[in-house]
Amino acid sequence: MKKRKNNIYLILKGGLGNQLFQLNFALWLSKKLSMEYYIDLSSYKTDSYKRKPIIKKLINKKKIINLSKAKIFIIKIFSFIQNKISLIKILPKIFSFYIYNDFNYNSSEFRVRDYFLLGYFQSFNFIDKELKDKLNSYLINYIYENKLTNKIENLSIRSSEIAVVHIRGKDYLKQLSNKEIYLKCNYKYYMNAIKYLENENKIKKLIIITDDKKYAKEIASKLDKNFEISNGDEFLDLFILSKAKNLIIANSTFSLWGAYINNILDSKIICPMHWYYDEKFIKPHIPKNWKLINNV
């Protein structure tokens, strides 16, 4: 009888930025443990913001699976129980599987049959270089295939007089759970970020990347600059972030990834100093060459 292989199962959720962090961790763990990984997309059937599992375009179709509702429910229950310190070393030995979530993924791994990934894993401590290269290549091909090169050139995002700005609204403003967790980046943060950039060059225009045009216009109209709001989809917007000479990001995993894969020589990246109301939440690791601006 053929022996069953041990596997890693990622239960994907959230928008593109979070999807990339989750895939990054799954790839890293897969290589570390020499195990195959598979991705469940069932959460998108009931996603309240109608988000799509966009990273499907970056992975082999054979990696996509559908776990049953019952199995996912059991996994979530065990994840809650497993977080109890007194049980964390006992359950994996009894049931021969381990659940990584946002509270335990920095812990040493248990050698068990299967691993289930049930968190967002918002950390660049687990970097899979293959994903970074694949994402950059995909974005370049996407621009060419969709004949967007002229649009990119017209935006002049590599000019020192242009700043690309990410403004996150939508669920940060409307979803109660997020309103209580994430600090907003208000116009003062963006104003101070622009002032910092203008220590070297006058900024004449802002290219706004946003998921909330109404909120973005409210912010941009207070900054006393000409501005243009991108009408692109998420891959076009991510490409714009990744090729900006001057980039001001929000406390968002989407623009965080745009900044992380930005490969423009001497680019200036500005990041909010504070991400959460509660300091118990660990903010992502920020590279030393990024400029932190207070957003409180």
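Quantities reported herein were computed from a predicted structural model and do not represent experimental measurements.

This brings us to the packing of aromatic side chains. For the structure on display, the rule yields 17 aromatic pairs. Both rings, one in Phe25 and one in Tyr100, keep their centres 5.6 Å apart while their planes meet at 80°; by these two values the pair is edge-to-face. With Phe25 in helix α1 (residues 16–33) and Tyr100 in strand β4 (residues 97–100), this residue pair connects regions lying 75 residues apart in the sequence. Ring geometry for Phe25 versus Phe126: centroids 5.3 Å apart, planes at 80°, classification edge-to-face.

A few words now on the packing of helix α10 (residues 234–242) against helix α11 (residues 253–260). Relative orientation of the contacting elements α10 and α11 amounts to 50°, with a least axis distance of 7 Å. When the axis of α10 is compared with that of α11, the two are oblique. Every pair of crossing elements has a handedness; the one defined by α10 and α11 is right-handed. Each of Glu234, Asp237, Leu238, Leu241 and Ser242 in α10 lies in contact with α11, whose residues at this interface are Phe254, Ser255, Trp257 and Gly258. Classifying every residue of the contact of α10 with α11 by side-chain character gives four nonpolar, three polar and two charged.

Moving on to the pattern of salt bridges. The full count for this structure, using the stated rule, is twelve salt bridges. Of the charged contacts in the structure, one is a salt bridge between Asp211 and Arg168, with a shortest N-O distance of 3.5 Å. Taken together, the residues Asp211 in the loop between β7 (205–210) and α9 (213–220) and Arg168 in the loop between β6 (162–167) and α6 (171–174) connect sequence positions 43 residues apart. When its relative accessible area of 31% is taken as the criterion, Asp211 is described as partly exposed.

The full count for this structure, using the stated rule, is zero disulfides. Looking at the unpaired Cys185, the closest cysteine sulfur is the one in Cys271, lying at 8.2 Å. Taking the relative accessible area as the measure of exposure, Cys271 reaches 0% and is therefore buried.

This part covers helix α4 (residues 129–145). Here α4 contains 17 residues, and its C-alpha end-to-end distance of 24 Å stays within 8% of the 24 Å for a straight helix at 1.5 Å per residue. Buried within α4 we find Leu131, Leu135, Asn136, Leu139, Tyr142 and Ile143. End-on view of α4: buried residues confined to an arc of 135°, all on one side of the axis. Of the residues in α4, the exposed ones pointing more than 90 degrees away from the buried face are Lys129, Tyr144 and Glu145. Of the residues flanking the end of α4, it is Lys147, one or two places downstream, whose phi is positive at about 55°.

Okay, unusual backbone geometry next. Unlike most non-glycine residues, Lys147 shows phi in positive territory, near 55°. The residue Lys147 is located in the loop between α4 and α5 (149–155) in this model. In this structure, Ser156 is a non-glycine residue whose phi angle is positive, near 55°. As for its position among the elements, Ser156 is in the loop between α5 and β6. Using a relative accessible area of 34% as the deciding quantity, one classes Ser156 as partly exposed.

Our focus in this paragraph is the confidence of the model for the protein. The predicted model of the protein has a mean per-residue pLDDT of 87, with 85% of residues at 70 or higher. The weakest mean pLDDT in the protein belongs to helix α7 (residues 176–179) at 54; the strongest belongs to strand β9 (residues 246–248) at 98.

Reading guide: rules and limits
Residues numbered from 1 in each chain as written. Predicted model: local features only at pLDDT ≥ 70, side-chain atom pairs only at ≥ 80, totals over all residues. Heavy atoms only, no water. Phe/Tyr/Trp six-rings, centres within 6.5 Å; stacked < 30°, edge-to-face > 60°. Helix = DSSP H or I, 4+ residues; strand = E, 2+ residues; numbered from the N terminus. Axes fitted to C-alpha atoms, helices over the stretch in contact; angles between N-to-C directions. Parallel < 35°, antiparallel > 145°, perpendicular 65-115°, else oblique. Left-handed = near helix turned anticlockwise from the far one by under 90°. Contact = heavy atoms within 4.5 Å. Nonpolar A, V, L, I, M, F, W, Y, C, P; charged D, E, K, R; others polar. Salt bridge = Lys/Arg side-chain N within 4 Å of Asp/Glu carboxyl O. Buried < 20%, exposed > 50% of the residue type's maximum accessible area, 1.4 Å probe, protein only. Disulfide = S-S within 2.5 Å. Expected span 1.5 Å × (residues − 1). Arc of directions from axis to C-beta. pLDDT = per-residue confidence, 0-100.

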